[in-house]
Amino acid sequence: MKEEIRQTTTIAVASGKGGTGKTTVAVNLALTFSRAGKKTLLLDCDVEAPNAHIFLGTEGMESSRVTVRVPVVDESKCDGCGACGKACRFSAIVSLGGKALTFPSLCHACGGCVIACPNKAISEGEREIGAAFRGMFHGVDFAYGKLRIGEAMSPPLIRVVKKFKSDAELAIVDSPPGTSCPVVQSVRGSDYVALVTEPTPFGLHDLKLAVEMIREIGIPFGCIVNRAEAGDRLAHDFCLENDIPVIGAIPDDRRAAEAYSRGIPLIDALPDFKLLFEELGGKLIETAEACARKEVRR
Amino acid sequence: MKIAITSKGNTVDSPVDPRFGRAAGFMVCDIDTGECAYKDNAQNLSASQGAGIQSAKNVADSGVSAIVTGHCGPKAFSALKAAGIKIYTGAEGTVAENIEKFKAGSVKEIDNADVEGHWS
Ligand code: SF4
Ligand code: SF4
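Calculation notes
- Residues numbered from 1 in each chain as written.
- Chains lettered and ligands numbered in written order.
- Predicted model: local features only at pLDDT ≥ 70, side-chain atom pairs only at ≥ 80, totals over all residues.
- Heavy atoms only, no water.
- Helix = DSSP H or I, 4+ residues; strand = E, 2+ residues; numbered from the N terminus.
- Rg over C-alpha atoms; globule rule 2.2 N^0.38 Å.
- Buried < 20%, exposed > 50% of the residue type's maximum accessible area, 1.4 Å probe, protein only.
- Contact = heavy atoms within 4.5 Å.
- Areas by Shrake-Rupley, 256 points an atom, 1.4 Å probe, with all protein chains shown as cover.
- Buried area = accessible area lost by both parts, 1.4 Å probe.
- Salt bridge = Lys/Arg side-chain N within 4 Å of Asp/Glu carboxyl O.
- Polar contact = N/O pair within 3.5 Å; in protein donor to acceptor, adjacent residues only side chain to side chain.
- Nonpolar A, V, L, I, M, F, W, Y, C, P; charged D, E, K, R; others polar.
- Pairing = 2+ DSSP bridges.
- Near = heavy atom within 4 Å.
- 1 Å grid on protein atoms, 1.4 Å probe; cavity = no way out; pocket = protein on both sides within 12 Å on 5 of 7 lines; lining within 4 Å.
- Sits in = over half its atoms within 2 Å of the grid points.
- Domains from an automatic or database assignment.
- Phe/Tyr/Trp six-rings, centres within 6.5 Å; stacked < 30°, edge-to-face > 60°.
- Axes fitted to C-alpha atoms, helices over the stretch in contact; angles between N-to-C directions.
- Parallel < 35°, antiparallel > 145°, perpendicular 65-115°, else oblique.
- Left-handed = near helix turned anticlockwise from the far one by under 90°.

With reference to specific residues and values, describe the overall build of chain B.
Scanning chain B from terminus to terminus reveals three helices and six strands. Along the chain direction, N to C, the helices and strands of chain B fall in the order β-β-β-α-β-α-β-α-β. Here the C-alpha atoms of chain B give a radius of gyration of 12 Å, agreeing with the 14 Å that 2.2 N^0.38 yields for 120 residues. Along the longest, intermediate and shortest principal axes, the C-alpha atoms of chain B span 35 × 25 × 25 Å. Within the span of chain B, comprising 120 residues, buried residues form 48% of the whole. Considering only contacts within chain B whose residues lie at least 6 apart along the sequence, 53% involve residues at least 24 apart. In the structure as shown, chain B presents an accessible area of about 5400 Å², 49% of it carried by carbon and sulfur atoms.

In structure tokens, the structure reads:
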């Protein structure tokens, strides 16, 4: 039997919709773990709207351009036969009016058209989709990606951010909101998913969609209720009904919003939140590590 | 000269389909002889992306020089332009009415996409 020791326990922080405080949770958890002496890596995979760096910083970060391959047609060799268009499942290349025409924003860089072209008219070029950044802040090894404005191909950039190697014991992945392809890409490979939700009817509706997605991928998960009002049972009852484990709740607090707007991590601004995140983090890590161990045994 | 009109049905009395990429089909009409033929576009109805491009390919392959439709998105627009096909939008009513309008020169040619992607 092959015994593989998992180096890093990975926790993804996700949410069914934007604005639930997902990044706040991810950043404060990462800082809490790091201060508890764990080597922690934070990966902000919300590449369309990254914002963890607002709380951590950007100074001195290493940056790298992220490109994808795109087909480039040599018009002098192209006879408009259309083989490339037939090979492409994404309509990213099509022969029209006797010439092949490319639509780089639809291209998935599979290279199929290059092989299909009988006249060797297609070569591989590069298209920049964004950049990846890496640095160390407050003891947290931190990386994030930023997609170019108007760019739709986020999965290749997310892949680059997730590949940042580290000897961390713990990795926190800040996933994009929603339930689309980039979310699946971000969450996949994690040991545990913490779904952040708001105790509002809209928030809970989106939570349910997110739960369906995570169940489909098959990763253990639990829910963190953000902006919880004291005594409000809405979210807890909802989770109970839908068989969603609740990891904890973060109270609705005007001071939290103030700290957020000033770009200060909650646990630095408010001592009671520091305690709260220590408790939440402890619970989360215990569950996630148990899940990671189970995964290794399997 | 042949033109294509996005159509919800397979006769000239069918209503115009306002969408281009996800049009049910096209009536391909020779405006000199009055001959018309229906061209199905059903495979693009369910395409998640690139429907406009495939529709453009579909009409380009039938050798038309112009397309009359309701709206046209950016990708379909570039594809049609590349194929040298003129684009007229804002069509309403039946296919036959639009053939007449086209002949009378009272349809609107566009030189830019008039809707965002997913509409097309
Ligand atoms: S590389 Fe693949 S996705 Fe891109 S145009 Fe060629 S066949 Fe289509
Ligand atoms: S397969 Fe090659 S030759 Fe044929 S249309 Fe495409 S690029 Fe041109």
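Got a sec to walk through the interface of chain B and chain A? Specific residues and values, please.
Counting residues at the interface gives 12 residues for chain B and nine residues for chain A. Across the chain B/chain A interface, buried area totals approximately 960 Å², and carbon plus sulfur atoms make up 70% of it. Of all residues in chain B, the largest losses of buried area upon contact with chain A belong to Ile 53, Lys 57 and Lys 75 of chain B, amounting jointly to 45% of the total for that side. Between the two partners, chain B and chain A, sit zero salt bridges. Across the chain B-chain A interface, the total number found is two residue pairs in polar contact (both at pLDDT 80 or more). Elements supplying a minimum of two residues to the side of chain B that touches chain A: helix H1 (51–60) and helix H2 (74–82) of chain B. Among the elements that line the side of chain B that touches chain A, the one with the most residues is H1 of chain B, at five residues. Counted by class, the side of chain B that touches chain A contains six nonpolar, four polar and two charged residues.

Which residues make up the sheet that holds strand S2 (residues 25–30) of chain B, and what are the values?
Residue and element names in this part refer to chain B. Read from one edge to the other, the open sheet built from six strands follows the order S3-S2-S1-S4-S5-S6, with strand pairing classed as mixed. Lying at the two open borders of the sheet, with one neighbouring strand each, are strand S3 (36–40) and strand S6 (108–109). Examined bridge by bridge, strand S5 (residues 86–89) and S6 share two bridges and lie antiparallel to one another. For Thr 89, the partnering residue across the bridge sits in S6 and is Lys 108.

For the site of ligand 1, give the residues involved together with the corresponding values.
All names here are of chain A. Near ligand 1 the following residues occur: Pro 71, Cys 88, Phe 90, Ala 92, Ile 93, Cys 107, His 108, Ala 109, Cys 110, Gly 111, Gly 112 and Cys 113. Among the detected pockets, ligand 1 sits in the largest cavity. Classifying every residue of the shell around ligand 1 gives nine nonpolar, three polar and no charged.

Which residues make up the domain arrangement of chain A, and what are the values?
A common way to report how large an interface is uses the accessible area buried once the components associate. Per the domain assignment, the segments making up chain A are domain 1 (9–66 + 131–297) and domain 2 (75–120). Here the C-alpha centre of domain 2 of chain A lies 40 Å away from the C-alpha centre of domain 1 of chain A.

Run through the packing of aromatic side chains, naming residues and quoting values.
Residue and element names in this part refer to chain A. Tallying each qualifying case throughout the model produces six aromatic pairs over all chains. Ring geometry for Phe 133 and Tyr 144: centres 4.8 Å apart, planes at 20 degrees, overall stacked. Placement of the pair is Phe 133 in strand S6 (residues 122–137) and Tyr 144 in strand S7 (residues 140–147), with a sequence separation of 11 residues. A ring pair is formed by Phe 137 and Phe 142, whose centres lie 6.2 Å apart and whose planes are at 70 degrees; its orientation type is edge-to-face. Assigned by exposure class, Phe 137 and Phe 142 land together as buried. The rings of Phe 133, Phe 137, Phe 142 and Tyr 144 are connected pair by pair, giving a single aromatic cluster.

Describe the packing of helix H7 (residues 201–217) of chain A against helix H8 (residues 234–241) of chain A, and please don't skip the residues or the numbers.
To describe two helices that pack against each other, one gives the angle between their axes and the distance between the axes. Residue and element names in this part refer to chain A. Relative to each other, H7 and H8 sit at 25 degrees, their axes nearing to 11 Å. Relative to H8, the element H7 is oriented roughly parallel. The two elements H7 and H8 cross, and the hand of that crossing is right-handed. Note on element contacts: H8 touches H7 through Leu 234, Ala 235, Phe 238 and Cys 239, opposite Pro 201, Leu 204, Leu 207 and Lys 208. Taken together, the residues of the contact of H7 with H8 break down into seven nonpolar, no polar and one charged.

Tell me what's going on with the site of ligand 2, and back it up with residues and numbers.
Of all residues adjacent to ligand 2, which total 13 residues, the nearest are Cys 78, Cys 81, Gly 82, Cys 84 and Cys 117 of chain A. The cavity where ligand 2 resides is the second largest cavity.

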